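Read off the chains here:
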Amino acid sequence: MRLGWLKNLYVQVLAAVVFGAVLGHVWPQAGESLKPLGDGFIKLIKMMVGPVVFTTVVTGIAKMGDLKRVGRVGLKAFLYFEVVTTGALVLGLVVGNLFQPGVGLDVDVSRLDAKAIESYTSAGKSMSTVDFLFNIIPSSLVDPFVKGDILQVLLISLLTAIALAKMGKAGESLLHGLDSVGHLLFGMVGLIMRVAPLGALGAIAFTVGKYGVGTLVGLGRLMGAFYVTAFLFVVLVLGPILRWTGVGLLPFLRYLRDELLLVLGTSSSESALPQLMVKLEALGCPKSVVGFVVPMGYSFNLDGTSIYLTLASLFVAQATGTHLSLGQELALLAVLLLTSKGAATVTGGGFITLAATLSATGTIPVAGMVLLLGVDRFMSEARALTNLVGNAVATLVVSKWEGGLDTERAREVLAAPSVMVAPASTP
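Overview of the structure. (Residues numbered from 1 in each chain as written. Predicted model: local features only at pLDDT ≥ 70, side-chain atom pairs only at ≥ 80, totals over all residues. Heavy atoms only, no water.)

Considering the overall build of the protein
Here is step 1: A tally of helices and strands in the protein yields 21 helices and zero strands.
Here is step 2: Residues classed as buried in the protein amount to 53% of the 427 residues present.
Here is step 3: Roughly 18,300 Å² of accessible area belongs to the protein as shown, and the carbon and sulfur atoms make up 67% of that amount. (Helix = DSSP H or I, 4+ residues; strand = E, 2+ residues; numbered from the N terminus. Buried < 20%, exposed > 50% of the residue type's maximum accessible area, 1.4 Å probe, protein only. Areas by Shrake-Rupley, 256 points an atom, 1.4 Å probe, with all protein chains shown as cover.)

Some thoughts on the packing of aromatic side chains
Here is step 1: Here the structure, examined in full by the defined rule, presents four aromatic pairs.
Here is step 2: With a centroid separation of 6.2 Å and an interplanar angle of 85°, the aromatic rings of Phe-226 and Tyr-227 are classed as edge-to-face.
Here is step 3: By relative accessible area, which is 1% here, Phe-226 ends up buried.
Here is step 4: Residue classification places Tyr-227 among the partly exposed positions, given a relative accessible area of 33%. (Phe/Tyr/Trp six-rings, centres within 6.5 Å; stacked < 30°, edge-to-face > 60°.)

Quick notes on the side chain of Gln-318
Here is step 1: Within the element layout of this structure, Gln-318 appears in helix H17 (residues 303-319).
Here is step 2: Taking relative accessible area as the criterion, Gln-318 reaches 16% and is therefore assigned buried.
Here is step 3: Residues contacting Gln-318, with those up to four places away along its chain left out, are Gly-96, Gln-100, Pro-101, Gly-102 and Val-103. (Contact = heavy atoms within 4.5 Å.)

A closer look at a nonpolar patch on the surface
Here is step 1: On the surface, Val-228, Phe-231, Leu-232, Val-235, Leu-236 and Val-237 cluster together into a nonpolar patch covering about 520 Å² of accessible area.
Here is step 2: Note on placement: Leu-236 falls in helix H12 (residues 220-244). (Patch = residues over 30% accessible without salt bridge, like charges linked within 9 Å, V, L, I, M, F, W, Y side chains within 5 Å. Salt bridge = Lys/Arg side-chain N within 4 Å of Asp/Glu carboxyl O.)

A short note on the environment of Leu-260
Here is step 1: Of note, Leu-260 is situated in helix H14 (residues 257-266).
Here is step 2: Placed 128 residues apart in sequence, Leu-260 and Leu-388 show a C-alpha to C-alpha distance of 7.7 Å.
Here is step 3: Sequence-distant contacts of Leu-260, that is, excluding residues within four places in its chain, are made with Leu-253, Leu-385, Leu-388 and Val-389.

Considerations on the packing of helix H15 (residues 273-282) against helix H16 (residues 287-300)
Here is step 1: As a packed pair, H15 and H16 sit with axes 10 Å apart at the nearest point and diverge in direction by 145°. Crossing of H15 against H16: the hand is right-handed. Of the residues in H16, those touching H15 at Leu-273, Leu-276, Met-277, Leu-280 and Glu-281 are Lys-287, Val-290, Gly-291, Val-294, Pro-295 and Tyr-298.
Here is step 2: A per-class count over the contact of H15 with H16 returns eight nonpolar, one polar and two charged. (Axes fitted to C-alpha atoms, helices over the stretch in contact; angles between N-to-C directions. Left-handed = near helix turned anticlockwise from the far one by under 90°. Nonpolar A, V, L, I, M, F, W, Y, C, P; charged D, E, K, R; others polar.)

With respect to the side chain of Thr-310
Here is step 1: If you trace the backbone, Thr-310 turns up in helix H17.
Here is step 2: Setting aside residues up to four positions removed in sequence, Thr-310 forms contacts with Ala-88, Leu-89, Gly-92, Leu-93, Leu-333 and Leu-336.

Quick notes on the pattern of salt bridges
Here is step 1: Overall, the coordinates contain four salt bridges when judged by the stated rule.
Here is step 2: Here Glu-402 ties to Lys-76 by a salt bridge, and the two come within 2.8 Å at their closest N and O atoms. Highlighted residues: Glu-402 in the loop between helix H20 (373-401) and helix H21 (407-415) and Lys-76 in helix H4 (residues 67-99), separated in sequence by 326 residues. Considered together, Glu-402 and Lys-76 belong to a single accessibility category, that of buried residues.
Here is step 3: The partner of Lys-279 in a salt bridge is Glu-259, and the shortest N-O contact between them spans 3.2 Å.

Thoughts on H17
Helical geometry: 3.6 residues make up each α-helical turn, so side chains three or four residues apart lie on a common side.
Here is step 1: Given a rise of 1.5 Å per residue, 17 residues ought to cover 24 Å, and the 24 Å separating the end C-alpha atoms of H17 matches this to within 8%.
Here is step 2: A large share of H17 lies buried, amounting to 17 of its 17 residues.
Here is step 3: The positive-phi residue at the C-terminal boundary of H17 is Gly-321, with phi of around 70°. (Expected span 1.5 Å × (residues − 1).)

Section: the packing of H12 against H17
When two helices pack together, their arrangement is given by the angle between their axes and by how far apart the axes lie.
Here is step 1: Contact geometry for H12 and H17: axes closest at 10 Å, N-to-C directions at 145°. The way H12 lies across H17 gives a crossing that is right-handed. For the pair H12 and H17, the contacting residues are Leu-222, Ala-225, Phe-226, Thr-229, Ala-230, Phe-233 and Leu-238 in the first and Asp-303, Gly-304, Ile-307, Tyr-308, Leu-311 and Phe-315 in the second.

In structure tokens, the structure reads:
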């Protein structure tokens with residue numbers, strides 16, 4: 001009984017992260033060889049994301065019944081996303097100009113080996129606003145579930161939910177069946193989460209084993225600026241926003257500690273998506289809002305990625321001696337307002353988006369991104385953590401804005417975070 005705490009997922013993942021980091025540092029070759037553990041776990045989670053989002057969105061909206069409310073929730077969420085992510089982009093730009101992490105490196109662009117980033121730059125150059133918008137429309141109904149494209153799954157889910165709501169009583173049996181399938185899927189997610197410690201161990205051991213702690217020294221100023229900025233954004237921006245909903249930041253973060261540790265280990269906010277939706281619903285957010293806002297936020301509300309994009313862009317410019325006027329910085333910000341919304345939530349997505357941005361502006365040498373390769377994996381952890389917290393806060397905000405947040409329930413759950421509370425039955 002005294003060792004019962006070992007069964008806690010939080011403790012298991014924390015122990016796995018520490019052991020993986022030590023293993024990767026002491027025995028780098030062995031750490032690199034554990035990469036399949038992290039990749040395998042993320043693949044298992046990604047396998048579940050599409051079906052989980054589909055059943056949650058369809059059942060939540062169909063039970064809501066009022067299609068005008070669906071549009072209202074979507075509009076409020078999108079407005080919130082635009083304001084907060086724009087603030088994150090501006091914050092990254094301000095910090096980059098104040099601390100100037102790349103100044104003094106004096107890197108000669110002609111001597112950089114751009115081959116190391118060809119896979120990212122080729123993917124980035126193919127991205128455009130029109131391509132991104134058209135990519136939301138899938139080539140078939142099953143294709144989004146095969147590729148794991150959240151935006152495409154969300155589109156199909158919305159169309160299904162609206163059609164189901166219009167069926168009235170005729171669609172009740174189908175709705176009940178989808179609800180049962182949803183419970184089954186979350187049961188499967190629960191089984192997969194049992195191997196989360198192995199996934200976290202493999203991912204962190206590979207990262208430390210491949211890149212080593214020593215690689216952080218040369219680019220320490222950039223990493224330090226980014227981590228501090230992400231921390232300040234959560235505390236000074238998301239904290240007061242969360243307080244408006246009636247929830248304190250520290251209790252909220254403690255409530256999400258399992259998901260935060262999982263993201264820390266895997267460097268992907270997508271790995272915690274299914275469990276995050278369960279916890280937000282249990283906290284008192286309406287199921288319809290959770291099912292709509294969380295998946296939407298994973299494409300449009302990437303706060304951590306937004307901070308990274310402006311800060312990394314300025315770092316590359318400063319390191320390569322590229323002077324940017326105020327007008328060019330504002331142009332960079334304008335491009336990022338579009339490209340940041342297409343950033344993938346898996347590891348490397350922010351790097352690809354950065355390549356697309358630098359290619360589109362043409363003022364900062366894309367080859368300078370080679371300087372980021374050694375530490376991008378480490379910074380992806382902070383990006384993913386900030387993205388997760390940002391989307392969780394956004395869900396509470398929209399729930400409160402809609403008058404559907406059960407504040408009393410939230411306080412009760414946060415007062416005893418170790419006690420599992422059943423999800424609320426609010427539509």
